[in-house]
Amino acid sequence: MNLFKRKAMAVAVAAFLAGSMSLSAENYFVGPEANVAAGTKVKYRDMEFVAGQTAFTGIWGALGVYRENSKIYFSANTIGSFTINKANVELIGANAWCDGWSGKRSSQETRITGTITVNASNVTVNGFEFSGNGCVRNDAAGRGSTCVSGFRYIYNKCTGTTLSAGTNVALCYLGDAWRPAQTDANKQDPTKWAAIERYHNVYIGHNLFDGAQAENQPMAIQVAGSSEGTVITDNHFNGGGTSISLFNTQNRFEISHNRFTNVGVGAAKGEFCVRLYYVGCNAATP
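Residues numbered from 1 in each chain as written. Predicted model: local features only at pLDDT ≥ 70, side-chain atom pairs only at ≥ 80, totals over all residues. Heavy atoms only, no water.

## Section: the overall build of the chain
Part 1 of the argument: Looking only at helices and strands, one finds two helices and 27 strands in the chain.
Part 2 of the argument: Intrachain contacts of the chain at a sequence separation of at least 6 include 65% that bridge at least 24 residues. (Helix = DSSP H or I, 4+ residues; strand = E, 2+ residues; numbered from the N terminus. Contact = heavy atoms within 4.5 Å.)

Structure representation (structure tokens):
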């Protein structure tokens with residue numbers, strides 16, 4: 001191989017590696033610890049970030065630079081509303097991997113007081129406290145190329161909500177329901193093609209939904225139009241409105257190892273631990 005060919009190959013390999021690196025996962029950090037001069041190294045949980053590049057005091061800095069296949073770590077802080085519109089993103093709060101009701105859970109929480117809107121597939125929300133108007137939501141998924149898959153809501157704690165009961169209100173809300181008794185004329189036939197298969201492989205587990213024992217409390221979980229495996233497991237629902245509502249669900253779903261206490265206490269109308277509407281499945285695990 002002559003010198004020219006070897007140089008050309010070296011350039012090609014370098015370009016390939018640079019392209020591969022640009023597609024690799026990146027870690028980001030959001031927290032008050034990043035309130036230092038730009039370029040300063042910020043350490044968090046044995047990881048190192050750079051202020052102004054991968055570490056930011058607020059979520060908007062991270063949202064300006066994050067990409068697919070990212071992990072965004074949050075220290076104890078209070079965060080408002082924001083949107084995730086890139087796939088394969090993990091949001092990792094201060095109490096990630098710690099059960100929502102665990103006595104070992106730290107009081108230093110990453111508190112969400114607004115709406116996390118998830119508009120992409122394979123997004124994980126892990127280890128946050130939701131209070132006030134805090135919730136996670138997607139109501140834009142459709143069938144086919146616009147479906148949302150691989151959503152995970154795990155190890156979160158919901159307490160002190162100020163949201164009110166409503167048809168399209170839940171602390172963890174995936175999809176508007178299609179049902180005959182509603183005002184939206186375009187969504188009154190739950191058997192229509194567009195009503196189903198909007199969410200694939202949903203996993204909601206290890207969370208605490210701690211609601212008030214009072215009237216007008218929101219649902220904890222609503223999933224409408226899911227298929228290809230819907231798993232709601234190992235959660236604790238205390239007080240509040242209806243705990244789990246599944247609409248227009250198909251194929252396999254599992255609701256298992258959940259604990260329900262005082263659900264609907266204080267409510268003027270009936271609330272349910274589990275409510276299934278217009279569901280057609282080939283396997284159900286109670």
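## Digging into the sheet that holds strand β12 (residues 129-132)
Part 1 of the argument: Read from one edge to the other, the open sheet built from seven strands follows the order β6-β9-β12-β16-β19-β22-β25, with strand pairing classed as parallel. Each edge of the open sheet carries a strand with a single partner, namely β6 (77-79) and β25 (259-261). Across the sheet, the mean angle separating the axes of adjacent strands is 15 degrees when strand polarity is ignored.
Part 2 of the argument: As judged from the two bridges shared by strand β9 (residues 110-112) and β12, these two strands associate in the parallel manner. Bridging across to β12, Arg111 finds its partner in Glu129. (Pairing = 2+ DSSP bridges. Axes fitted to C-alpha atoms, helices over the stretch in contact; angles between N-to-C directions.)

## Looking at the state of the cysteines
Part 1 of the argument: Taken as a whole, this structure holds zero disulfides when the rule is applied.
Part 2 of the argument: Between Cys172, a cysteine without a disulfide, and Cys158, which holds the nearest cysteine sulfur, the sulfur-to-sulfur distance is 8.0 Å.
Part 3 of the argument: The class for Cys172 is buried, based on a relative accessible area of 0%. (Disulfide = S-S within 2.5 Å. Buried < 20%, exposed > 50% of the residue type's maximum accessible area, 1.4 Å probe, protein only.)

## With respect to the pairing of strand β17 (residues 170-174)
Part 1 of the argument: Counted residue by residue, β17 has five buried out of five residues, so it is predominantly covered.
Part 2 of the argument: Where strand β13 (residues 135-138) lies against β17, three bridges are found, and the strand directions are parallel. Counted as the bridge partner of Asn138 is Leu174 from β17.
Part 3 of the argument: Where β17 lies against strand β20 (residues 219-224), four bridges are found, and the strand directions are parallel. Counted as the bridge partner of Cys172 is Ile221 from β20.

## Section: the packing of aromatic side chains
We describe a pair of aromatic rings using the distance from one ring centre to the other and the angle between the two ring planes.
Part 1 of the argument: The tally for this structure, following the rule as stated, stands at 13 aromatic pairs.
Part 2 of the argument: Considering the side-chain rings of Phe49 and Tyr73, the 6.4 Å spacing of their centres and the 55 degrees angle between planes classify their relative orientation as tilted. Of this pair, Phe49 sits in strand β3 (residues 47-50) while Tyr73 sits in strand β5 (residues 70-74), and the two are 24 residues apart along the sequence. Of the two residues, Phe49 and Tyr73, both sit in the buried class.
Part 3 of the argument: A ring pair is formed by Phe237 and Phe260, whose centres lie 5.1 Å apart and whose planes are at 10 degrees; its orientation type is stacked. One end of the pair, Phe237, is in strand β22 (residues 236-238); the other, Phe260, is in strand β25, with 23 residues separating them in the sequence. (Phe/Tyr/Trp six-rings, centres within 6.5 Å; stacked < 30°, edge-to-face > 60°.)

## Side note on the environment of Leu208
Part 1 of the argument: Relative to the helices and strands, Leu208 resides in strand β19 (residues 208-210).
Part 2 of the argument: Discounting chain neighbours no more than four positions away, the residues touching Leu208 are Gly100, Trp101, Asn156, Lys157, Cys158 and His236.

## Points about the nonpolar core
Part 1 of the argument: Ranked by internal contacts, the top residues of the largest apolar core, which has 48 residues, are Phe82, Leu91, Tyr153 and Ile221.
Part 2 of the argument: Not counting chain neighbours up to four residues away, the residues in contact with Leu91 comprise Ile72, Phe74, Phe82, Ile84, Ile116, Thr124, Val125, Asn126 and Phe128.
Part 3 of the argument: Counting residues in each nonpolar core, the second largest holds 11 residues, with Phe29, Val42, Ala55 and Ile92 among its members. (Core = buried A, V, L, I, M, F, W, Y, C linked by side-chain atoms within 4.5 Å.)

## With respect to the sheet that holds β13
Part 1 of the argument: Read across the open sheet, the seven strands follow the order β7-β10-β13-β17-β20-β23-β26; overall the sheet is parallel. Two strands lie at the open edges of the sheet, namely β7 (82-84) and β26 (274-277), each paired on one side alone. Mean inter-strand twist for the sheet, computed between neighbouring axes without regard to direction, equals 15 degrees.
Part 2 of the argument: Relative to β26, strand β23 (residues 244-247) runs parallel, the two sharing four bridges. When the bridges of β26 are listed, Phe247 appears paired with Tyr277.

## Thoughts on the side chain of Asn248
Part 1 of the argument: Note that Asn248 resides in the loop between β23 and β24 (250-256).
Part 2 of the argument: Note on Asn248: relative accessible area 1%, which makes it buried.
Part 3 of the argument: Sequence-distant contacts of Asn248, that is, excluding residues within four places in its chain, are made with Ala177, Trp178, Pro190, Ala195, Ile196, Arg198, Ala224, Gly225, Ser226, Tyr277 and Tyr278.

## Focus on the layout of surface pockets
Part 1 of the argument: If you add up the space inside the largest pocket, you get close to 280 Å³.
Part 2 of the argument: Lining the largest pocket are 17 residues, and of these Gly166, Arg179, Met219, Lys269 and Arg275 sit closest to its centre.
Part 3 of the argument: Residues of the lining of the largest pocket, tallied by class, amount to seven nonpolar, six polar and four charged. (1 Å grid on protein atoms, 1.4 Å probe; cavity = no way out; pocket = protein on both sides within 12 Å on 5 of 7 lines; lining within 4 Å. Points joined across faces, edges and corners; volume = space filled by probe spheres on them. Nonpolar A, V, L, I, M, F, W, Y, C, P; charged D, E, K, R; others polar.)

## With respect to the pairing of β13
Part 1 of the argument: Where strand β10 (residues 115-118) meets β13, three bridges bridge the pair, whose relative direction is parallel. Looking across to β13, one finds that Thr115 is bridged to Cys135.

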